[in-house]
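This is what each chain is made of:
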Amino acid sequence: MLYPILSLVFLAVAIAIGCIFKKNTGIVSIALALILARIAGVPDKFLLKAFDSSLFIKLLGVMFLFCVAQNNQTLEIIAKKAILLCRGKVKLIPIVLFFFSAIISFIGPGLISATALVSVLAIALAIEAEVEPIKFLFFGGLGAFSGGLSPITPSGIVAITKAEQSGIVGIEFSIAFFMFIIMLLIAIILYFFVFKWHKYDDSQNKKAEISNDIKFEIKHLFTIIGIILVSALSTIFSIDIGLISFLVAIVLCICGFGNETEAMKKIPWNTLIMITGVGILISLVKELGGVQLLSDGIRLLMGEQTAAAIITILAGVMSWVSSASGVVMPTLIPTVPALAASAGVNPVALVTGICIGANAAAFSPLSSCGGLMLSAYSTSKIATEKGRDKLFSKLFLLSVCSILITALIALIGCFNWFV
C-alpha cells in the first residue's frame, strides 16, 4: 500500500512544482521519477522504456507539418478566407469552427486527426481576428470531440468492438449522440456565459474586414492538399499521423513550398518535453499501483443510482494517465456485465459513460488531443511562456468540467434514454 500512495504523492508534487515555480513539469517529472524508482527498486530501464516514443513522433510530426504551413503563410490565408466566409462577423467564427470540426471528425478522422487540423486553424484565426486564442481554440476542440465517437472513427470502432465482445450491443447511437450533445452543451455554455460571444462588437475589430483580393498560391494549395492527405491517410490506411506528417512536410520542402530550417526553429521543444516527461512519471505511477488504488477507491462509491456517474468519472480519471482508446475503454468495458448485474443498471448506460468520460477527458494537456491543442498555440507566432502556462491550466479545467458535466448527465439517467 505504501508505494501506490507514494506514487500518487510524487505525481501531485511534480504538477505542483511545475505550477508554483513555473518550471517545465516534464523535466520535474523525469527527475522525480528517478527518485521514486530508486525508492521502489524499479530499474532505470523501465523509465527509459516508459518514454512514449509513439506520442512524441505523433506530436513532433504534426508540429513540423504545421510549422511548414505557418511558415509559407498557408494558415494565414486560410484564416483570412474563413473570416471572409463569416462576412466580417467575428462572433460567428466559433460557431463555424465547432460545426466544421464536428463534420471533419465524424466522417472518420476522429479526435486526434480533427483536433490536430482544427487547432492550428483556430490559432491562426485568432491571430488574424486579434482575439485571445483560447476563445477560438476551445470551440474547434469541442467540435472535434463532438464527432469523435461516430461508428467509423477509431474511438467509436474500439468502443463498439469491445462492447460486442462483452455481449453488449446497441451502443452505436447512444455514444455518438450523447458525445455530440454534451460537447454542444459545453460549447453553448462557453459561447454565451463564459466568453459572451453574443455581446461581441464586431465594429471594434479592424481585422473583421479583410480584402477580397486574397488569393491562394500554388504553395498554399499544395500545402492544403498535404494536410488533407495526412488526415485521410492516417484514417483510411491507419498510418501513424506523425509519420505521415513528416512525409508530407518533407515533400513540401523538397518541392520548394516550405522551409525545413525555419520550420524546425518553430517547433516547441519545451512542450514536447513537458508532455512526454510527465508520461514517464505516470507510467511509473501505474507500475506501482497508484492508478489502481485511485480506481479502487472510486469503485467503492458505486450504487444503483450512482453507478453510471461514478464509472464516467473513473473512466475520465484513468484517461488522464492513459489512452482512452488503447487502455481505458478496453479495460473498463469488459467489466460492465458484472458491474451492471451487481448494481442493477443497464450495461448500455455504463458503456456510454465509460466511452464519453474517457474521451471527454482528452482535453487534458497531458493527453494526445490536449497536447495537440497546446502544441498548436506553442508553434504560433504569438506564443509566450505565460500564455502556454495559462492554456495548460485552462485545458485541464475544461477536461475536469467535461467529465463532471458528463457524470451529471449520467446521474440524472439520460444514458438510459435509448436502452
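Please read these numbers as outputs of a predicted model, since none were measured by experiment.

**Considerations on the nonpolar core**
Now for step 1: Phe136, Phe138 and Ile171 are the most contacted members of the largest nonpolar core, which totals 132 residues.
Now for step 2: Among the elements that take part in this core, helix H7 (residues 110–129) stands out by supplying twelve residues, more than any other.

**A short note on the packing of helix H8 (residues 134–146) against helix H10 (residues 172–194)**
Now for step 1: Between H8 and H10, the least distance of the axes is 8 Å, while the angle of their chain directions is 165°. In terms of their interaxial angle, H8 and H10 are classed as roughly antiparallel. Crossing hand, H8 versus H10: left-handed. Contact with H8, carried on its side by Phe138, Phe139, Leu142, Phe145 and Ser146, involves Ala176, Met179, Phe180, Met183, Ile186, Ala187, Leu190 and Tyr191 of H10 and no other residues of that element.
Now for step 2: Residue composition of the contact of H8 with H10, grouped by class: twelve nonpolar, one polar and no charged.

**So, the packing of aromatic side chains**
Now for step 1: In the structure shown here, the tally under the stated rule is 16 aromatic pairs.
Now for step 2: Ring geometry for phenylalanine 64 versus phenylalanine 246: centroids 6.0 Å apart, planes at 35°, classification tilted. Taken together, the residues span a long stretch of sequence, with phenylalanine 64 in helix H4 (residues 53–71) and phenylalanine 246 in helix H12 (residues 241–254) at a distance of 182 residues.
Now for step 3: According to the relative accessible area criterion, phenylalanine 64 is buried, its value standing at 3%.
Now for step 4: Ring centres of tryptophan 320 and phenylalanine 396 lie 5.0 Å apart, and the angle between their planes is 35°; on these two criteria the pair is classed as tilted. With a gap of 76 residues between them, tryptophan 320 in helix H16 (residues 307–320) and phenylalanine 396 in helix H21 (residues 385–411) connect regions that are remote in the sequence.
Now for step 5: Ring-pair connections join several aromatic residues into one group, and the members of that group are Phe173, Phe177, Phe178, Phe415 and Trp417.

**Re the packing of helix H2 (residues 25–40) against helix H14 (residues 269–287)**
Now for step 1: The N-to-C vectors of H2 and H14 enclose an angle of 25°; their axes lie 7 Å apart at closest approach. As far as their axial angle goes, H14 and H2 are roughly parallel. Once H2 is placed against H14, the crossing between them reads as left-handed. In contact with Thr25, Gly26, Ile27, Ser29, Ile30, Ala33, Leu36 and Ala37 of H2, H14 contributes Ile273, Met274, Gly277, Val278, Ile280, Leu281 and Leu284.
Now for step 2: Split into classes, the residues belonging to the contact of H2 with H14 amount to eleven nonpolar, four polar and no charged.

**With respect to H16**
Now for step 1: In this model H16 runs 20 Å from its N-terminal to its C-terminal C-alpha over 14 residues, within 8% of the 20 Å that 1.5 Å per residue would give.
Now for step 2: Judged by how many residues are buried, H16 sits mostly within the fold: twelve of 14 residues are covered.
Now for step 3: Looking only at H16, the buried set comprises Ala307, Ala308, Ala309, Ile310, Ile311, Thr312, Leu314, Ala315, Gly316, Val317, Met318 and Ser319.

**Some remarks on the side chain of threonine 406**
Now for step 1: Along the chain, the position of threonine 406 falls in helix H21.
Now for step 2: Here threonine 406 falls in the buried class, since its relative accessible area comes to 0%.
Now for step 3: Discounting chain neighbours no more than four positions away, the residues touching threonine 406 are Ile182, Thr312, Ile356, Gly357, Ala360 and Phe415.

**Quick word on the environment of valine 13**
Now for step 1: Note on placement: valine 13 falls in helix H1 (residues 2–20).
Now for step 2: Along the sequence, valine 13 and valine 28 sit 15 residues apart, while their C-alpha atoms lie 9.2 Å from each other.

What counts, and at which threshold
Counting restarts for each chain, with residues numbered from 1 along the sequence as it is written. Under the rules for a predicted model, residues below a pLDDT of 70 receive no local features and side-chain atom pairs below 80 are neither given nor counted, while totals for whole chains, interfaces and linings still include all residues. Heavy atoms from the whole structure form the basis of all side-chain values; hydrogens and water molecules are not counted. Definition of nonpolar core: a set of buried residues of the types Ala, Val, Leu, Ile, Met, Phe, Trp, Tyr and Cys, connected through side-chain atoms within 4.5 Å. Residue burial is assigned from relative accessible area. The probe radius is 1.4 Å, only protein chains are included, and a residue is buried under 20% of its type maximum, exposed over 50%, and partly exposed in between. Only runs of H or I of at least four residues qualify as helices and only runs of E of at least two qualify as strands under DSSP, and these elements are numbered from the N terminus. Helix axes are fitted only over the stretch in contact, all axes being lines through C-alpha atoms; the angle between N-to-C directions runs from 0 to 180 degrees. Roughly parallel covers angles under 35 degrees, roughly antiparallel covers those over 145, roughly perpendicular covers 65 to 115, and oblique covers all other angles. Left-handed describes a crossing in which the near helix is turned anticlockwise from the far one by less than a right angle; the clockwise case is right-handed. Whether two residues touch is decided by their heavy atoms; if any such pair falls within 4.5 Å, the residues are in contact. Residues are grouped as follows: Ala, Val, Leu, Ile, Met, Phe, Trp, Tyr, Cys and Pro are nonpolar; Asp, Glu, Lys and Arg are charged; every other residue, Gly included, is polar. The aromatic pairing rule takes the rings of Phe, Tyr and Trp, using the six-membered ring of Trp, and pairs them if the centres are within 6.5 Å, calling planes under 30 degrees apart stacked, those over 60 edge-to-face and the rest tilted. Every helix has an expected span of 1.5 Å times one less than the residues it contains.

Scope: geometric values only; no functional claims are made or implied.
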